[in-house]
Amino acid sequence: MKPGPRWTPSAAMNASTTPRRAALAALAAAGCAVAFRSAPARAAVPMPAVPMPTVPMPDVAILIGPRQAIGGDVPPGEPIRIRSPIVKGGRPRLKLRLSGGTKLRPISFQSVKLFGPDGDEIAVPQEHLTQSHVPGRDTVYFRGFAVPETGLYEIVIRTNSTVASEARGKFMVDRELSIPFSGDETSTDVNVDLQESDGSQCTVQRVSGTAPNIAQYRPVGLPATNLPPQRASRKGSVGNAFGAFLDGTYGYRIGYQDSGPPEGRFKGRVKVIPFRGYGTEYFALENPPGVALTVRDVDRYLQVPYGGVGCRIDFDGQFLFVTSGAAGKVQGQRFDINLDPIQGDAGPTDLATDADLPPGETIDGHRLVYADQHHVLSINSQSGKDLAVMQFRADNLVRTGFQSLTSTATSSTLDHFLATDQLTISVGRHDGAGGHVVHLIDSETFLPFGTVPIGQGAHPQFRGSGCVWRTDTMQFELWTPDTTLFGQPSDLHRQRFTEGWVTVGADAVPVADPVLVETHPTGVAFDDVADVVILHYVVPTNNVTGAGTVHRVLYDAAGAEIPGSRATLPGERHRPHAVLAGGRLFLACDTAQGPVVERYRLLR
């Protein structure tokens, strides 16, 4: 349970905002999720009644400053994480009240824990924690404990609540704001512990001997400043206020004003100008520690009004492009991020027809990817002998290239895969012997320049595979089943390749349920923000169509499953295809009611 990154200064702080908001903006730029909202989030966009997947609820969290009000909604049973910078010796004081409990479903606090800047738990004596309970309102108090060092702390509160509750409270930090000192010419520096965004001001006056001044100011991380700005008088000096840009110990060295004997007693005081929060901060959903990405529930839904089989989707940086096939052709249409048709577009456009194949052949399946400012569509024939690829301009869907890759395949071209690293387009057809033949096309000239055999032996593969290019590792990640034939046992393999399709590492089988049959891992997307692969695959239940339930699971760069990421999507579906766009996950599937596209929120 690490409390997140430490505060870092930002030159982009807006002087028109409050200091609190500017400091939080700097923390947000450093990658910490913070809540700037002054009101609860708006409700999700209305949509048809679609069953929602069950996924683990993330924690609710908040980042606040001293003297900060707290508010917001808390889902039942979810951990509450309250983060704040606290100076060494500071005594955090928290009062948090949860309302909404009933006599039969009360709210109670299970535990209150404190975690330090290093992420380790700090043992807090029980006398610093108290609770009070009245019907429908339960309150926890944390007070009187002095923290051992300066940094970002986290209070983690767990409840036994089974109902949603409303949180209200106040957070403060008690600390010494006026530090007296005295000394003479033999004294060492006067030190004060500060946290980022604090300020300090030193005042010193003569007790005996020569009038003193502030000879040196020593900020953390910078060389000492000799004779910093100050106002001198015959009795002493009053220094300017200085801001703290890092957590740590700041020092003042006292000297003397004139050339007389550098001796005499002095006394003074360092005044601390504390960083404080303003207004009310509201709780926001946040991933639990160790979880880089969470896929939330559906907030948009599109019943594709054209085609019928093989729904695919890609993103050109501005618009979504959705394709589907039926009656010997593949059609496509552009949509915005809200899955609304683009105004001015004529509607579905014919992209490929049976005329693109040899006489007597008909289109059976297709794949879609966006590469080098073009939509790239690959098609295969129902006979499994033919494989072709074509290119379309993203702005007007005019075809700009066509290549027939094979029309005499001895192994089936059905359920091929399509991927790109933006320089090369790769089309993989199954070779019939546990591998694939990958056709390579230059994305700029759209000319084929060779084939590469992959798989077989220690890297078994089957058709119905999904592939994605990872920008974090600069590798292709191929997910392939043992089989797509209904009723036969099948697990899913994860294999990695360079941009030239040279094998990297050993074959892995991370999806291998001993009871379920997993196949068609065709819905693979990569999130380059969280460096996470989002995998969708089919557990078939229909022995006629091969359709079944679609499962989702997330994997990090090392291939490790992200805790709590497994989800089973409702309904009978087939041939999943996924893409990320505008900070959302879009999933296209075939269903008994026709092709559908769903939009899922992401929590990073």
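Residues numbered from 1 in each chain as written. Predicted model: local features only at pLDDT ≥ 70, side-chain atom pairs only at ≥ 80, totals over all residues. Heavy atoms only, no water.

This part is about the pairing of strand β2 (residues 68–74). Every other side chain in a regular strand lies on the same face of the sheet, so the side chains alternate between the two faces. For β2, the tally of buried residues reaches six of seven residues, placing the bulk of the element in the interior. Of the pairings in the sheet, the one linking β2 to strand β10 (residues 165–174) comprises seven bridges and is antiparallel in character. Of the residues in β10, the one forming a bridge with Q68 is F171. (Buried < 20%, exposed > 50% of the residue type's maximum accessible area, 1.4 Å probe, protein only. Helix = DSSP H or I, 4+ residues; strand = E, 2+ residues; numbered from the N terminus. Pairing = 2+ DSSP bridges.)

Turning to the environment of Q331, a few remarks are in order. Positionally, Q331 belongs in strand β26 (residues 329–335). C-alpha of Q331 to C-alpha of D350: the two residues are 19 residues apart in sequence and 4.6 Å apart in space. Ignoring any residue separated from it by four or fewer positions in sequence, one finds Q331 in contact with Y306, G307, V322, T323, S324, P348, T349, D350 and L351. A polar side-chain atom of Q331 sits 3.1 Å from a polar atom in the side chain of D350. (Contact = heavy atoms within 4.5 Å. Polar contact = N/O pair within 3.5 Å; in protein donor to acceptor, adjacent residues only side chain to side chain.)

This brings us to the pairing of strand β9 (residues 151–159). Burial within β9 is extensive, with eight of its nine residues counted as buried. Pairing of strand β3 (residues 80–86) with β9, which is carried by seven bridges, proceeds in the antiparallel orientation. Bridge pairing links P85 to L152 in β9. As judged from the six bridges shared by strand β5 (residues 109–115) and β9, these two strands associate in the antiparallel manner. Within β9, the position partnered with F109 by the bridge is T159.

Another aspect to go through is the sheet that holds strand β36 (residues 466–470). As a general point, the strands of a sheet are linked pairwise by backbone hydrogen bonds and lie either parallel or antiparallel. The four strands lie next to each other as β36-β37-β38-β39, forming an open sheet whose pairing is antiparallel. With partners counted over all chains shown, the strands left at the sheet margins are β36 and β39 (503–511), one partner each. Put simply, the sheet's adjacent strands are angled 20 degrees from each other on average, direction ignored. For β36 and strand β37 (residues 475–481), the ladder comprises five bridges, and the chain directions are antiparallel. Bridged to R470 within β37 is Q475. (Axes fitted to C-alpha atoms, helices over the stretch in contact; angles between N-to-C directions.)

Here we take up the confidence of the model for the protein chain. For the protein chain, per-residue confidence averages 87 on the pLDDT scale, and 90% of positions sit at 70 or higher. Contacts for the low-pLDDT stretch residues 1–57, under 50 throughout, to residues beyond four places or in other chains number 121 contacts. (pLDDT = per-residue confidence, 0-100.)

Turning our eyes to something else, we now look at the side chain of H536. Looking at the element boundaries, H536 is found in strand β41 (residues 532–540). The exposure class assigned to H536 is buried, which follows from its relative accessible area of 0%. Looking at H536, its side chain comes within polar contact range of the side chain of R552, at 3.1 Å. In this view, H536 contacts H520, P521, T522, G523, V550, H551, R552, L569, P576, A578, L585 and L587; residues no more than four positions away in its chain are not counted.

Right, let's talk about the layout of surface pockets for a bit. For the second largest pocket, the calculated volume is near 810 Å³. Along the wall of the second largest pocket there are 35 residues; nearest its centre are V369, V468, F526, V579 and L580. Elements supplying a minimum of two residues to the lining of the second largest pocket: β24 (309–315), β28 (363–371), β32 (417–420), β36, β40 (519–527) and β43 (567–581). Among the residues making up the lining of the second largest pocket, the classes are represented as 19 nonpolar, nine polar and seven charged. (1 Å grid on protein atoms, 1.4 Å probe; cavity = no way out; pocket = protein on both sides within 12 Å on 5 of 7 lines; lining within 4 Å. Points joined across faces, edges and corners; volume = space filled by probe spheres on them. Nonpolar A, V, L, I, M, F, W, Y, C, P; charged D, E, K, R; others polar.)

In total, this model carries eleven aromatic pairs according to the counting rule given. The interplanar angle of 65 degrees and the centroid separation of 4.8 Å between the aromatic rings of W469 and F476 together place this pair among those described as edge-to-face. The residues W469 and F476 share a single accessibility class, namely buried. Each ring, one from F497 and one from W501, has its centre 5.2 Å from the other, and the planes form 45 degrees; the classification is tilted. A connected cluster of aromatic rings, assembled from ring pairs, spans F417, W469, F476, F497 and W501. (Phe/Tyr/Trp six-rings, centres within 6.5 Å; stacked < 30°, edge-to-face > 60°.)

This part covers the side chain of R367. If you trace the backbone, R367 turns up in strand β28. Within the structure, R367 has its side chain in polar contact with the backbone oxygen of H416 (distance 2.9 Å). Residues in contact with R367, not counting those within four places in the same chain, are R312, V376, L377, S378, D415, H416 and L418.

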